[in-house]
Amino acid sequence: MKWPKQPRLRQTKVALFGTSADPPHLGHQSILSWLAREFDQVAVWAADNPYKTEQSPIRDRAQMLRLLINTLPPSSKGAITNVSVNQSLSDRYSINSIARARKIWPKANFSFVVGADLLAQLPKWYQAKAIFDQVDILVFPRPGYPTQGPALSALQQVATVHIAHPPNQYDVSSSDVRQTHCTDNGADNGADNGADNSADNDTDNHTAASTHPQTIPPVIRDYITEHDLYSCLQPTSKAKISTRR
């Protein structure tokens, strides 16, 4: 007697998104919205970048990510509930973040989210081979950084790589928001220094955030002002904070 074949259970698809988020902006919002539609779970966390000498307190960056998640527009199925800040995954080395995620989702398929600016750097990361053995690499385009070329070809030789195709791209970086050239108090407010293990690696672009307030959700801007994270930013009218999460 032949027993009927049991249907193969689909593995949970989890996106892992570690980001400096110093601060989070509409680019992060767009990425999270896209990931929420494509994955069963999206785990995001505020990460410390070992190449940057000055960063805002990680607890503030994690809280801003939580506020940002509340700004995500609802999908056709309703409010987005599959995106969350998993700050326990934050670690200097991505391999450790992956190991912790595996304890939460033992049988999941993982995609590790990075920006196109990191394509050439990924093979140089700590325990890169072990990373590539455990996760797919999901690359988000960034203006000025091609997703095709020698760096992508080299990465594809050692890792499974997918290119995201979000409907919107924002030509903005966290360094824009921090206004690294602003010297209100006669001091530099934290220039960027190198690479980030995340999809929002800050470029050395000094566009003044005060002239482009639309790049930051109002609730994030209010948090920055209330906690005096970046002295050059000016307060806005008080934003309404969603309480649905």
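Description of the structure in this document. Since the structure is predicted, the reported quantities are computational estimates derived from the model, not experimental observations.

### Here's the deal with the pairing of strand S2 (residues 41–46)
- Most of S2 is tucked away: five of the six residues are buried.
- Taken together, the six bridges between strand S1 (residues 13–19) and S2 define a ladder with parallel strand orientation. What sits directly across from Thr-19, in S2, is Ala-46.
- Handedness of the crossover is the feature at issue here: the chain leaves S1, passes through helix H1 (residues 26–38), returns alongside S2, and the resulting connection is right-handed.

### Remarks on the pattern of salt bridges
- Under the definition given, this model contains four salt bridges.
- One salt bridge in this structure joins Lys-129 and Asp-133, with 3.1 Å as the shortest N-O distance. Residue Lys-129 and its partner Asp-133 are located together in helix H4 (residues 128–134), separated by four residues, close to a single helical turn.
- When its relative accessible area of 61% is taken as the criterion, Lys-129 is described as exposed.

### A short note on helix H3 (residues 94–104)
- Among the residues of H3, those classed as buried are Ser-94, Ile-95, Ser-97, Ile-98 and Ala-101. An end-on view of H3 places all buried positions within 155 degrees of arc, on one side of the element.
- On its buried face, H3 is in contact with S1, S2, strand S4 (109–115) and H4.

### Quick word on the nonpolar core
- Counting residues in hydrophobic clusters, the biggest one holds 33 residues, and the most contacted among them are Leu-32, Leu-35, Val-83, Leu-138, Phe-140 and Ile-220.
- When contributions to this core are tallied by element, the ones reaching two or more residues are S1, H1, S2, helix H2 (58–69), strand S3 (83–85), strand S5 (136–140) and helix H7 (218–226).
- Of the residues forming this core, the biggest block, six residues, is contributed by H2.
- Apart from residues no more than four positions distant in its own chain, Leu-35 is found in contact with Ala-15, Phe-17, Val-42, Val-113, Leu-138 and Phe-140.
- Counting 29 residues, the second largest nonpolar core, distinct from the first, contains Ala-47, Ile-98, Ala-128 and Val-139.

### Notes on the packing of aromatic side chains
- Evaluated as defined, the whole model comprises four aromatic pairs.
- Note on Tyr-93 and Tyr-126: the rings are 4.4 Å apart at their centroids and 40 degrees apart in plane angle, and the pair reads as tilted. Of this pair, Tyr-93 sits in the loop between S3 and H3 while Tyr-126 sits in the loop between S4 and H4, and the two are 33 residues apart along the sequence.
- Judged by relative accessible area, which is 34%, Tyr-93 ranks as partly exposed.
- The exposure class assigned to Tyr-126 is partly exposed, which follows from its relative accessible area of 44%.
- One cation-aromatic arrangement involves Lys-13 over Phe-39; the distance from NZ or CZ to the ring centre is 5.4 Å.

### Quick word on unusual backbone geometry
- Omega for the bond connecting Asp-22 with Pro-23 falls within 30 degrees of zero, at 0 degrees, which places this linkage in the cis form.
- Looking at where Pro-23 falls in the secondary structure, it is placed in the loop between S1 and H1.
- In the Ramachandran plot, Ala-21 falls in the positive-phi region, its phi being about 50 degrees despite a non-glycine side chain.
- Within the element layout of this structure, Ala-21 appears in the loop between S1 and H1.
- According to the relative accessible area criterion, Ala-21 is buried, its value standing at 0%.
- Backbone geometry places Gln-127, a non-glycine residue, at a positive phi of 55 degrees.
- One can find Gln-127 in the loop between S4 and H4.

What counts and how
- Along each chain, residue indices are assigned from 1 in the same order as the chain's sequence is written.
- Only residues with pLDDT of at least 70 get local features here, since the model is predicted, and only at 80 or more are side-chain atom pairs given and counted; chain-wide, interface and lining totals rely on the full set of residues.
- Only hydrogens and water are set aside when side-chain values are computed; all heavy atoms of the structure are taken into account.
- Relative accessibility decides the category of a residue: with a 1.4 Å probe and only protein chains considered, values under 20% of the type maximum give buried, values over 50% give exposed, and everything between is partly exposed.
- Helix and strand definitions here come from DSSP, where helices need a minimum of 4 consecutive H or I residues and strands a minimum of 2 consecutive E residues; each element is numbered from the N-terminal end.
- Pairing between two strands is assigned when DSSP locates at least 2 bridges connecting them.
- We call a crossover right-handed when, viewed with the strands running away from us, the connection from the first strand over the helix to the second turns clockwise.
- By convention in these notes, a salt bridge is any Lys or Arg side-chain nitrogen within 4 Å of a carboxyl oxygen on Asp or Glu.
- To obtain the arc, one takes the directions from the helix axis to the C-beta atoms.
- Between two residues, a contact is recorded if the distance between any of their heavy atoms is within 4.5 Å.
- To qualify as a nonpolar core, a set must consist of buried Ala, Val, Leu, Ile, Met, Phe, Trp, Tyr and Cys residues joined through side-chain atoms within 4.5 Å.
- Each pair of aromatic rings taken from Phe, Tyr and Trp, with Trp reduced to its six-membered ring, is defined by centres within 6.5 Å and is described as stacked if the planes are under 30 degrees apart, edge-to-face if over 60, and tilted in the remaining cases.
- Sitting over a ring, as applied to charges here, requires NZ of Lys or CZ of Arg to be within 6 Å of the ring centre and within 35 degrees of the ring normal.

Read these as layout, nothing more, since geometry by itself doesn't imply function.
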